[in-house]
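# Descriptive structure summary
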2 protein chains.
Amino acid sequence: MSWSKQDRKRRGYHHGNLREALVAAALDLIDAKGPAGFTFADAARAAGVSPAAPYRHFRDREALLADVARRGFEKFADQLDRAWNNGQPGPMQALENLGRAYLAFAENEPAYYAAMFEAQLPRDIDRELSEAGDRAFAVLRQAAEALCATLPKDRRPPTLMVSLHIWALSHGIASLFARGDAARRALPMAPQDLLEAGVLIYLDGLGLTGEHNR
Amino acid sequence: MSWSKQDRKRRGYHHGNLREALVAAALDLIDAKGPAGFTFADAARAAGVSPAAPYRHFRDREALLADVARRGFEKFADQLDRAWNNGQPGPMQALENLGRAYLAFAENEPAYYAAMFEAQLPRDIDRELSEAGDRAFAVLRQAAEALCATLPKDRRPPTLMVSLHIWALSHGIASLFARGDAARRALPMAPQDLLEAGVLIYLDGLGLTGEHNR
DNA sequence: GAATCTATGTTAAAGCTCTTTACATGAGCT
DNA sequence: AGCTCATGTAAAGAGCTTTAACATAGATTC
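Residues numbered from 1 in each chain as written. Chains lettered and ligands numbered in written order. Predicted model: local features only at pLDDT ≥ 70, side-chain atom pairs only at ≥ 80, totals over all residues. Heavy atoms only, no water.

Let us now look at the overall build of chain A. Counting its regular elements, chain A contains 10 helices and 0 strands. In chain A, the order of α-helices and β-strands from amino to carboxyl end is α-α-α-α-α-α-α-α-α-α. When each of the 214 residues of chain A is scored for burial, the buried share is 54%. Considering only residue pairs separated by 6 or more positions, chain A has 68% of its internal contacts joining residues 24 or more positions apart. Taken as a whole, chain A presents about 10,100 Å² of accessible surface, with 49% of it coming from carbon and sulfur. (Helix = DSSP H or I, 4+ residues; strand = E, 2+ residues; numbered from the N terminus. Buried < 20%, exposed > 50% of the residue type's maximum accessible area, 1.4 Å probe, protein only. Contact = heavy atoms within 4.5 Å. Areas by Shrake-Rupley, 256 points an atom, 1.4 Å probe, with all protein chains shown as cover.)

Take a look at the structure:
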C-alpha cells in the first residue's frame, strides 16, 4: 500500500510508482496541515525519495496540487452522479441524495475538497482541471433542470440560477461546518440535515412542494 | 500613506508605525498572492524594515495573519450591523441590505475576507479573534430573529437554523463567485442579485411573502 | 536639561528548507 | 552486450526563520 522509506532496499534505486505516491502523500499532508501546510520537499520525504525526485513528475508544487484537485473533481463528479442516479426514484428524493453525497464527500474526503476549493489554484492553470470542475457542476445543473421541469412553464425559474443556489448553499455549509477541522464552528445539527432543511425550504419557495414529486 | 523604504531617511532609525505597516503589507500581499503566498520576511521587506523587526510586534507570521483576520471580522461586523440598521425600514428590506453588505465586503475587501475564511487559522488561536467572529455572526443571527418573529408562533422555524442557512448561502456565493480572483467561476448575474433571489425564494418557502414585511 | 529606562529598530549568524544542476542507475529495446 | 531514456541521487546556492547582541530615540524622572 504505502511506498515508505522502509521499502527502500526492496525497491532499490527507482521508486516504481512515485507519481501516485506523491499524490497520496499530498493527500495525507493536506489532511494533516491544509493545502498550504506542506512543501514539495515534504511530499518527497513522505514518499521516501530525495527532494529533487518530484520534479521528474510535476513541474512544481502547484502542479501537484492541481493534479490532486483534478482527481478530486473527477471522484466528486462520479459520486454526485451516482447519487443523483438519473433522477430516480423522483427529482426530490434524488436531489436529497445528491445533497447528502455532496456533504459526504466534503466530510469523507476533506483533503480532496480542500485541494479543489481552498488551494487557491488559478482556474486556468490546467484545462483538464477546469473541465473536471465543469463535469461536477454539470451534475448539479442537470438536477436543477429536472426539478424545474416539474413546474409549469409560466412559473419556471432559470435553471442555471437554481443550480447555483443549490451549489452555493451546499458549498457554504460544507466549507463553514462540514469539515472535521478545528477551524470550523460548532453546529446544533448535522450538516446534512441543515442542508436538507435549507433545500426543502428553498424548493417550497419555488412552488415545488414535496407531495408533487416524492 | 505608505511607509516604504523611500521614507527611510525622513523617518530615521525607527519606523514609527510598524505594526500598522505590517498589517497593511500583509493585506497587499494577500491580495497579490493569497494568504499563503508570502512570508514574514516579505512583509518586513514591504514595510521597509529588516527581517527581524516584525518579531517586535508579532510572535510569528500566523499571529500577524490572525490580527488581520480579527480586524477583518470587526470591520465586517460593523458593516453588517450598519447595513442591517436595526431592521429599519423593515425586516425584508433590511435583510436585503445585509446580504448586499455581506457580498460587498467579500468583493471590496478580498484580502480581509481571505484572511478570515481561507487562511486556515485554528479557531482557538486567539480569543479576540473568535470573539470578533462571533460578533459578526451575531448580526446575522439578530436578523434571522427579527424575520422569524414576523411569523405566527406555530409556523416559526428555529432562528439559529435560519441564520445558518442565510450565512451559508452568502458565504457560498461569496467564496465561489464574488471575488475578483481569477480562480472564480464566471456568473450570468451579479453575485448580489443571485443572493437576493436565493434569499427571497428561501423566505417565501418559510411563508414570509414579501408583501407582509416590506 | 541631563540621566536613565524602555520600546523598537539593526546586524550578524546558525540552522533549516527549497530548488536546481550535474551526475548515477537501471529498465527496456535492439 | 550495449544504447538510450526515464527516473533517481547528491551537492551547492539561495532564501527564510529565529535568536542574540547591539544601536537609537522617545519618554520619564529628578
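What follows picks up the thread again.
Let us look at the confidence of the model for chain A. Of the residues in chain A, 90% have a pLDDT of 70 or more, and the chain-wide mean is 89. Confidence over residues 1-10 of chain A falls short of pLDDT 50; this stretch has 6 contacts with residues more than four positions distant or in other chains. (pLDDT = per-residue confidence, 0-100.)

As a further point, take the packing of aromatic side chains. All names here are of chain B. Per the stated rule, a full pass over the model turns up 20 aromatic pairs over all chains. Look at Phe-73 and Phe-117: their rings are 5.6 Å apart centre to centre, the planes differ by 75°, and that puts the pair in the edge-to-face class. One end of the pair, Phe-73, is in helix H4 (residues 61-84); the other, Phe-117, is in helix H6 (residues 110-117), and 44 residues separate them in sequence. Each of the two residues, Phe-73 as well as Phe-117, counts as buried. Consider the rings of Tyr-102 and Tyr-113, whose centres lie 6.1 Å apart with planes at 70°: the pair is edge-to-face. Highlighted residues: Tyr-102 in helix H5 (residues 91-108) and Tyr-113 in helix H6, separated in sequence by 11 residues. (Phe/Tyr/Trp six-rings, centres within 6.5 Å; stacked < 30°, edge-to-face > 60°.)

As a matter of local geometry, DNA strand C sits amid 21 residues, with A:Thr39, A:Ala41, B:Ser50, B:Arg56 and B:His57 nearest to it. Near the protein, meaning within 4 Å, the atoms of DNA strand C are sugar or phosphate in a fraction of 59%, with bases accounting for the rest. Between a sugar or linking oxygen of DNA strand C and a side-chain N or O atom of A:Tyr55, the distance comes to 3.1 Å. The separation between a sugar or linking oxygen of DNA strand C and a polar main-chain atom of B:His15 is 3.5 Å. Sort the elements by how many residues they give to the surface near DNA strand C and helix H3 (residues 40-47) of chain A lands first, with 3 residues. (Near = heavy atom within 4 Å. Polar contact = N/O pair within 3.5 Å; in protein donor to acceptor, adjacent residues only side chain to side chain.)

Here we take up the pattern of salt bridges. Residue and element names in this part refer to chain B. By the definition in use, this model includes 28 salt bridges over all chains. Close ionic contact of Arg-59 with Asp-60 constitutes a salt bridge, the shortest N to O distance being 3.0 Å. The class for Arg-59 is exposed, based on a relative accessible area of 57%. With a shortest N-O distance of 3.2 Å, Arg-70 and Glu-74 are connected by a salt bridge. Residue Arg-70 and its partner Glu-74 are both found in helix H4; the two are separated by 4 residues, about one turn of the helix. (Salt bridge = Lys/Arg side-chain N within 4 Å of Asp/Glu carboxyl O.)

It is worth spelling out the interface of chain B and chain A at this point. With 39 residues of chain B in contact, the opposing surface of chain A contributes 40 residues. Carbon and sulfur atoms make up 70% of the area that chain B and chain A hide from each other, which totals about 3,300 Å². Summed over the three residues of chain B that lose the most area to chain A, namely B:Gln120, B:Arg185 and B:Ile201, the buried surface amounts to 20% of that side. Taken together, chain B and chain A are joined by 0 salt bridges. At the junction of chain B with chain A, the criterion picks out 6 residue pairs in polar contact (both at pLDDT 80 or more). Sort the elements by how many residues they give to the side of chain B that touches chain A and helix H8 (residues 159-177) of chain B lands first, with 13 residues. (Buried area = accessible area lost by both parts, 1.4 Å probe.)

When the terminal C-alpha atoms of H8(B) are compared, their 27 Å separation across 19 residues agrees well with the 27 Å that a helix rising 1.5 Å per residue should span. With respect to burial, H8(B) is a largely interior element, 18 of its 19 residues being buried. (Expected span 1.5 Å × (residues − 1).)

Between chain B and chain A, which share one sequence, the superposing operator has a rotation angle of 179° and an axial displacement of 0.2 Å; the RMSD is 0.2 Å. Such a combination of turn and shift is consistent with a two-fold rotation axis. Of the residues that chain B buries at the interface, 100% are likewise interface residues in chain A, meaning the two copies contact each other through the same surface. (Least-squares fit on C-alpha atoms with pLDDT ≥ 70 in both.)

Right, let's get into the nonpolar core. Core analysis: the biggest nonpolar cluster contains 156 residues, and A:Tyr102 and B:Tyr102 have the highest contact counts within it. With near-sequence residues (within four places) excluded, B:Tyr102 lies in contact with B:Phe76, B:Leu80, B:Tyr113, B:Phe117, B:Leu140, B:Trp167, B:Ser170, B:His171 and B:Ala174. (Core = buried A, V, L, I, M, F, W, Y, C linked by side-chain atoms within 4.5 Å.)

Turning next to the environment of A:Ala46. By secondary structure assignment, the location of A:Ala46 is in helix H3. The spatial distance from the C-alpha of A:Ala46 to the C-alpha of A:Leu29 is 8.7 Å, given a sequence separation of 17 residues.

Residue and element names in this part refer to chain B. As a packed pair, H5 and H8 sit with axes 10 Å apart at the nearest point and diverge in direction by 35°. Here H5 runs over H8; the crossing is right-handed. Residues Leu-95, Tyr-102, Leu-103 and Ala-106 of H5 touch H8, and the partners they reach there are Ile-166, Trp-167, Ser-170, His-171, Ile-173 and Ala-174. The class makeup of the residues in the contact of H5 with H8 is 8 nonpolar, 2 polar and no charged. (Axes fitted to C-alpha atoms, helices over the stretch in contact; angles between N-to-C directions. Left-handed = near helix turned anticlockwise from the far one by under 90°. Nonpolar A, V, L, I, M, F, W, Y, C, P; charged D, E, K, R; others polar.)

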